[in-house]
Amino acid sequence: MELRLLGPVEVWSGGRQVRLGGSKPRALLAALLLDAGRVVTAERLMEAIWQEDPPPTARGVLQTYVASLRRAFTGAGLPGIIVSHRMGYTAEVPPDCLDKDVFERLVDRGRRAARDGDHQEAADRFLTALELWRGPALGGIGDTFLRAEAARLEELRLAVMEERITADLAAGRDEGLIDELTGLVATHPTRELLRRDLMVALYRAGRQADALAAYQQGRQVLIEELGVDPGPELRQAHESILRSDPALLGVARTPPLRQPPVKAPPPRQLPSPPPDFTAREAEIAELRDRLTRPDAMPVCVVFGPGGVGKSALALRAAHEIAHLYPDGQLHVELRGTTEAPATPPEVLGRLLRELEPGASPPGTLEECAARYRTLLADRRKLVVLEDAAAERQVRPLLPGAPGCGVIVTSRNRLSGLAGATVLDLGLLPDQAALRLLEQVAGPERIAADQDAALRVVRQCGGLPLALRICGARLASRRQWSVARLADRLADEQRRLDELAAGDQEVRAGIALSYDLLPPEARTALRRLGLLGLPYFPVWVVAAATETGLDEAEEVLDHLVDASLASVVDTDAAGRTRYRLHDLIRLFARERAHAEEPEEARTAMVRRVLGGWLWLVERISQAMPNGAIPMRASLGLARPVAEEVARMALADPHDWFRREEEALIVAVELAASLDLDDIAVELAAALSSVAFEGSQYVFDNPFAAWHRTHEAALAVARRTDNALGEATLLAGLGHLYYSRDRFAESREYLSQALSLFRSARDARGEATTLAALGAACREQGYLPESLHFLDRASRLWTDLADPAALAHVKRLSGSVHVERGDYPAAWGDLAAALSLYQEAGNRRGEGLTLRSMALYHRARDELARSEELSGQALAIFRDLGDRLMEAYCMRSLAKTRIRLGRFDAPRRDLEDALAAIKALNDRWGEACTLRVLGELDLAEGRLYQAKSRLEESLALWETLRTVLFRARTLRDLALVHEALGDDTAAKTTLAEAMEIFRLHEAREFGELGG
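Report on the accompanying structure.

### Side note on the overall build of the protein chain
So, step 1. For the protein chain, the count of helices and strands is 46 helices and 16 strands.
So, step 2. A compact globule built from 1009 residues would reach a C-alpha radius of gyration of about 30 Å, whereas the protein chain, at 42 Å, exceeds it by more than 25%.
So, step 3. Each principal axis of the C-alpha distribution contributes one length, and for the protein chain these read about 145 × 65 × 55 Å.
So, step 4. Within the protein chain, the fraction of its 1009 residues that count as buried is 54%.
So, step 5. Looking at the protein chain alone, contacts between residues at least 24 apart form 68% of all its contacts between residues at least 6 apart.
So, step 6. When the accessible surface of the protein chain is totalled, it reaches about 42800 Å², and 50% of it is carbon and sulfur.

### Regarding the sheet that holds strand S10 (residues 405-410)
So, step 1. On the basis of which strands lie adjacent, the open sheet formed by five strands has the order S8-S9-S10-S7-S11 and parallel pairing. The two strands at the open ends of the sheet, each matched to only one other strand, are strand S8 (329-333) and strand S11 (421-424). In this sheet, adjacent strand axes meet at a mean angle of 15 degrees when their direction is disregarded.
So, step 2. Both strand S7 (residues 299-303) and S10 contribute to a ladder of five bridges, which runs parallel.

### Description of a negative patch on the surface
So, step 1. A grouping of Asp 550, Glu 551, Glu 553, Asp 557 and Glu 643 is seen on the molecular surface, where their side chains present a negatively charged patch.
So, step 2. It is helix H25 (residues 549-561) that contributes the most residues to the negative patch, four residues altogether.
So, step 3. Tracing the sequence through the fold places Glu 643 in helix H28 (residues 642-650).

### Digging into the environment of Thr 166
So, step 1. Relative to the helices and strands, Thr 166 is located in helix H6 (residues 146-170).
So, step 2. Here the alpha-carbon distance between Thr 166 and Val 200, two residues 34 residues apart in the chain, equals 10.0 Å.

### A closer look at H25
Think of an α-helix as 3.6 residues a turn; residues three or four steps apart then line up on the same face.
So, step 1. In this model, H25 (13 residues) spans 18 Å end to end at C-alpha, consistent with the 18 Å of a helix rising 1.5 Å per residue.
So, step 2. Looking only at H25, the buried set comprises Leu 549, Ala 552, Val 555, Leu 556, His 558, Leu 559 and Val 560.
So, step 3. The first or second residue beyond H25 is Ser 563, which carries a positive phi of 65 degrees.

### A short note on unusual backbone geometry
So, step 1. Within the chain, Asp 674 stands out as a residue other than glycine whose phi angle is a positive 65 degrees.
So, step 2. Here Asp 674 is to be found in the loop between helix H29 (652-672) and helix H30 (676-689).
So, step 3. The class of Asp 674 is partly exposed, set by a relative accessible area of 40%.
So, step 4. Phi is positive for Asp 720, which is not a glycine, with a value near 60 degrees.
So, step 5. Looking at the element boundaries, Asp 720 is found in the loop between helix H31 (701-718) and helix H32 (722-738).

### Considering the packing of helix H4 (residues 99-115) against helix H5 (residues 119-130)
So, step 1. Where H4 meets H5, the axes come as close as 7 Å, and the angle between the chain directions of the two elements is 165 degrees. On the basis of the axis angle, H4 is roughly antiparallel to H5. Along this stretch, H4 crosses H5, giving a crossing that reads as left-handed. For the pair H4 and H5, the contacting residues are Phe 103, Leu 106, Val 107, Arg 109, Gly 110, Arg 111, Ala 113 and Ala 114 in the first and His 119, Glu 121, Ala 122, Arg 125, Phe 126, Thr 128, Ala 129 and Leu 130 in the second.
So, step 2. Of the residues that constitute the contact of H4 with H5, the class distribution is nine nonpolar, three polar and four charged.

### Description of the side chain of Arg 445
So, step 1. For Arg 445, the position within the fold is in helix H17 (residues 443-447).
So, step 2. Although buried, Arg 445 forms no salt bridge, and the nearest oppositely charged side chain, Glu 444, lies 5.9 Å from it.
So, step 3. There is a polar contact of 2.5 Å between the side chain of Arg 445 and the backbone oxygen of Trp 480.
So, step 4. What Arg 445 contacts, discounting residues up to four positions off in sequence, is Leu 474, Ala 475, Arg 477, Arg 478, Trp 480 and Val 482.

### Some points on the nonpolar core
So, step 1. Judged by nonpolar contacts, the single largest core of 174 residues is most densely connected at Val 506, Leu 559 and Trp 612.
So, step 2. Residue contacts for Val 506: discarding those within four places in its chain leaves Leu 463, Leu 465, Ala 466, Ile 469, Leu 496, Leu 499 and Leu 583.
So, step 3. Within the second largest apolar cluster, 77 residues are counted, among which are Leu 78, Ala 91, Leu 138 and Met 161.

### Side note on the pairing of strand S2 (residues 10-13)
Consecutive side chains along a regular strand alternate between the two faces of the sheet.
So, step 1. Bridge count between strand S1 (residues 2-4) and S2: three bridges; the pairing is antiparallel. Within the sheet, the bridge partner assigned to Arg 4 lies in S2 and is Glu 10.
So, step 2. The loop that links S1 with its antiparallel partner S2 comprises five residues; one of these, Gly 7, has a positive phi angle of about 140 degrees.
So, step 3. When S2 meets strand S3 (residues 16-17), the two strands line up antiparallel, connected through two bridges. Note on S3: the bridge partner recorded for Ser 13 is Arg 16.
So, step 4. Turn length for the S2-S3 hairpin, with the two strands adjacent in sequence and antiparallel, is two residues, and the turn residue Gly 14 shows positive phi of about 55 degrees.

### Section: the sheet that holds strand S5 (residues 82-85)
So, step 1. Taking strand neighbours across the sheet as the criterion, the three strands line up as S4-S6-S5 in an open arrangement whose pairing is antiparallel. Whereas interior strands pair on both sides, the edge strands pair on one side only; in this sheet they are strand S4 (40-41) and S5.
So, step 2. Bridge analysis of S4 against strand S6 (residues 88-91) gives two bridges, and the strand direction is antiparallel. Across the sheet, the residue bridging to Thr 41 is Gly 88, located in S6.
So, step 3. Running over the sheet, helix H1 (residues 23-34) touches S4, S5 and S6 and is turned about 70 degrees from S6.

### Here we look at the pattern of salt bridges
So, step 1. In total, this model carries 93 salt bridges according to the counting rule given.
So, step 2. Close ionic contact of Glu 595 with Arg 591 constitutes a salt bridge, the shortest N to O distance being 2.9 Å. Here Glu 595 and its partner Arg 591 are both found in helix H26 (residues 582-595), four residues apart, which amounts to about one turn of the helix.
So, step 3. Residue classification places Glu 595 among the partly exposed residues on the basis of a relative accessible area of 36%.
So, step 4. Here Arg 591 falls in the partly exposed class, since its relative accessible area comes to 26%.
So, step 5. In the salt-bridge network here, residues are joined through shared partners; they are Arg 906, Glu 910, Asp 936, Glu 939, Arg 941 and Arg 948.

### Observations regarding the packing of aromatic side chains
So, step 1. A complete count under the given rule lists 13 aromatic pairs for this structure.
So, step 2. Ring plane angle 85 degrees and centroid distance 5.4 Å describe the contact between Trp 539 and Trp 612, whose orientation is recorded as edge-to-face. With Trp 539 in helix H24 (residues 538-545) and Trp 612 in helix H27 (residues 598-622), this pair connects stretches of sequence that are 73 residues apart. Here the two residues Trp 539 and Trp 612 agree in accessibility, since each one is buried.
So, step 3. Among the aromatic side chains, those forming a connected cluster through ring pairs are Tyr 887, Trp 923, Trp 956 and Phe 964.
So, step 4. Taking the ring centre of Trp 133 as reference, the NZ or CZ of Arg 157 above it sits at 5.3 Å.
So, step 5. Its end group placed over the ring of Tyr 887, Arg 890 keeps NZ or CZ at 4.4 Å from the ring centre.

Calculation rules
Positions within a chain are numbered from 1, following the residues in the order the chain's sequence is written. Thresholds applied to this predicted model are a pLDDT of at least 70 for local features of residues and 80 or more for the giving and counting of side-chain atom pairs; totals over whole chains, interfaces and linings are not thresholded and use all residues. Processing note: side-chain calculations cover all non-hydrogen atoms of the structure and skip hydrogens and water entirely. Secondary structure elements are defined from DSSP: runs of H or I of at least 4 residues count as helices, runs of E of at least 2 residues count as strands, and each element is numbered from the N terminus. It is over C-alpha atoms that the radius of gyration is taken, and the globule rule equals 2.2 Å times the number of residues to the power 0.38. Residue exposure (1.4 Å probe, protein chains only): buried if accessible area is under 20% of the type maximum, exposed if over 50%, otherwise partly exposed. What makes two residues a contact is simply this: any of their non-hydrogen atoms within 4.5 Å. Throughout, the Shrake-Rupley method with a 1.4 Å probe supplies accessible areas, and for residues the shown protein chains are the sole cover considered. Strands pair, by our definition, only if DSSP identifies at least two bridges between them. A fitted line through C-alpha atoms represents every axis, and for helices the fit uses only the stretch in contact; the resulting angles, taken between N-to-C directions, go from 0 to 180 degrees. Each patch is built from salt-bridge-free residues with over 30% relative accessible area, joining like charges within 9 Å and nonpolar side chains (Val, Leu, Ile, Met, Phe, Trp, Tyr) within 5 Å. In the sections that follow, a salt bridge refers to a side-chain nitrogen of Lys or Arg positioned within 4 Å of a carboxyl oxygen of Asp or Glu. Working convention for charge: Lys and Arg count positive, Asp and Glu count negative, and His plus the chain ends are omitted. By convention, charge coordinates are those of NZ in Lys, CZ in Arg, CG in Asp, or CD in Glu. Helix span, expected: 1.5 Å multiplied by one less than the number of residues in the helix. Orientation is classified from the angle alone, with under 35 degrees giving roughly parallel, over 145 giving roughly antiparallel, 65 to 115 giving roughly perpendicular, and any other angle giving oblique. Here a crossing is taken to be left-handed if its near helix is turned anticlockwise relative to the far helix by less than a right angle, and right-handed if that turn runs clockwise. In this count, Pro and Cys sit with the nonpolar residues alongside Ala, Val, Leu, Ile, Met, Phe, Trp and Tyr, while Asp, Glu, Lys and Arg are called charged and the others, Gly among them, polar. We call two N or O atoms a polar contact when they sit within 3.5 Å, provided that within protein one can donate a hydrogen and the other can accept it, with sequence-adjacent residues counted only if both atoms are side-chain atoms. The criterion is simple. A nonpolar core is a set of buried Ala, Val, Leu, Ile, Met, Phe, Trp, Tyr and Cys residues joined through side-chain atoms within 4.5 Å. The rule is short: rings of Phe, Tyr and Trp, with Trp giving its six-membered ring, pair when the centres are within 6.5 Å, and they are stacked under 30 degrees, edge-to-face over 60, tilted in between. Each ring is checked for a lysine NZ or an arginine CZ that lies within 6 Å of its centre and within 35 degrees of its normal; such an atom marks a charge sitting over the ring.

Take a look at the structure:
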């Protein structure tokens, strides 16, 4: 098999040419062969075929061309050299098959022979190499980047031709050279080495005048065409001819034609670090420590996102330790984030020319790397490699022995560099960021408005590039206040536009990393930007990209390695959360709107929110909390991986806390996109599960509940979704009930009830009636409470929902206890307990047992009350429900006070009060203070009792719960009586009795009313 690039692109098999098709398949093959052995991305191959204007179907057509080339190779009996890779394709070329490789190998051997003084061997090798050429390199290829590759190969051919002629002259083989050189000089009149060799050949032939004329012609051409005088070698040849230097007649090649070598000073190539460099003391200390160890060859990788200050840190540290590397400092830009990263041969060629002036670099990469390591052996040089793309770009550039040090900067982690220290450069904390802003903008500008400056710092996310841009804008706009800049940055739609100054631009910096990502990682980043989540687990990426967890994790690894995403934490269960920097999130959102159709964006949001709905539903089914869900099932739920559900169910409380902010943002995103159905469903599902019962509350449950409901309610009203509006109004009614704001609760619930009835939604109506009954009970409106609960009970019976009916029966039973209707109370409570037990609802069973204990205490059946309170307490402890555990401890303590046992109740009540305060339950706090007052009264601690009861009264008045206030007034009347203040006692008791009478409470009859 012969693969030919030195002329028209051809493939030959056994003396027969293989048909490859038109110019585009041949361009594809040429691009692969030029980078043989390395992966060439699909984007790079499309550029080789279509330049910068590929058709919409380019990727599919590319695959067709690959398939046609493979068929051509197979049909000719040749091995398949084109191998697929997830990022593109690679050509696996056997040795001695590609003419370019053979040419470069022959040239390398010729150069080695020339260095060894064997000029005849060198000339023969060069001639054999040149005979491989059949015409212009890559002949027939269109106008793409391959044109530059062809020009490079042509330049190499001319250089080898020059070296061959020089070798012939040095070997004394002058015959025929004058004619050949005359033609070459006419074709390439500005190539000075060809003209110099023509002058030498003419002089040796006794044609001194012609040689001098050739010089004058060359000088005129150079001045007219290039505006320069002849170079030193051409001038030296001219002077030697004028002097009739006998060395020109000798066999040795060029001692008379070259200046004697001058020892070059040690390289000092480090650019200056930014003058406003600030902070990073710990990072500089770490680099200094690593790079000053005498017994190693340290390699330090400074890794981080674009704009985080990797180069500034590397150069600052390099300058601080430069004196420890007296043999010089080398600095190389590897262009890893550009479309044309520096190749190891290119970099090594440059470094070898600088380290060994006048010598020709070896031919192959391996030989160049070996020569480079040899030149650095026993030296102390510092090598700074900036903007590395990957490990394979860096490895050939590493010195081979102790003494030298290496600093590499990269947006990729480069974890494959064995033995390297990786310094993950993070964002600047607020105070360090403020100092950097001061350095650029001026300390007086920042001191004038510290609060606004802190806003700017946080809007920049601690990214040094963004902070420098902001500082530069302030410095160039003296009329701007810092607050004005902060206000302009506050608009997320414009923030990236604002973060640009001169040639510095945050958007462009992020784009460099984005463009280098594989397609699947770009898709994931765009969609994560659109979601706008503060953090996210792996399954969210899987849902967004419609892939499995393993594929999603691999994509996230790409994003993390490219510094476009970061790991937030990994919990004990192995759940890892990731996040995007705010500025990267804004960039990704821009790309999502620019590159993805609206239908795809909407479908993606529905998939992710549907996954959350499914997880919430699974938790609700596995751990019922006694609440009545507004919907019997969640129609928009979409299953995610079962292992994700298992991890959530292992600790639902922890899962909800970790997902809190992301869930809220998800609802707000759906609302902003007018996805009213899923916004309503997710908000309602969260209110019935995540915020109901203390074991599931978020860190700030009320704020979370309010945010989700307000966002979903707004979109439901915008889209005329009346049923959704009713659902959310009912949810807000539950929210205000949970916050002990019963009047507001009833207002929202009443609005919801009207909408449910208009929509003929019996379940929604029944749920809302039950909630209204509970709110009325808390305020002491007992007849009204029974009215709502009775209607809810009838609806739930028709709907055949035993758990919901149990909830209503328990509430009705507790209201009957308040009124002293004990037969009705026991009937409802017994029915509730039976229904809860049949449904296996442990929380509902615990709530009902506690209500039964209150029933027995009201009837003075204290032993039975103590027993049932203990059973309820055991259930809530088992469930981990701290709030209801505290309520049961209070109930049990109150019963024991009635039994005359005072020691244990005080400890239990103090513990219960601490737990209730921690959970911000003011209703429970007021109840517990009242019972502590009763205990103080029973023990004769009258002033302490009075203080506790007055605290309780103040809370009841704030909560506007009249009946419970009356009960506390009754207790306070007993304290006044014990203190001998009969007037206060009678006045206080009379006020309480009037409330009992108005609310038809049992106490009115018990106290003889």
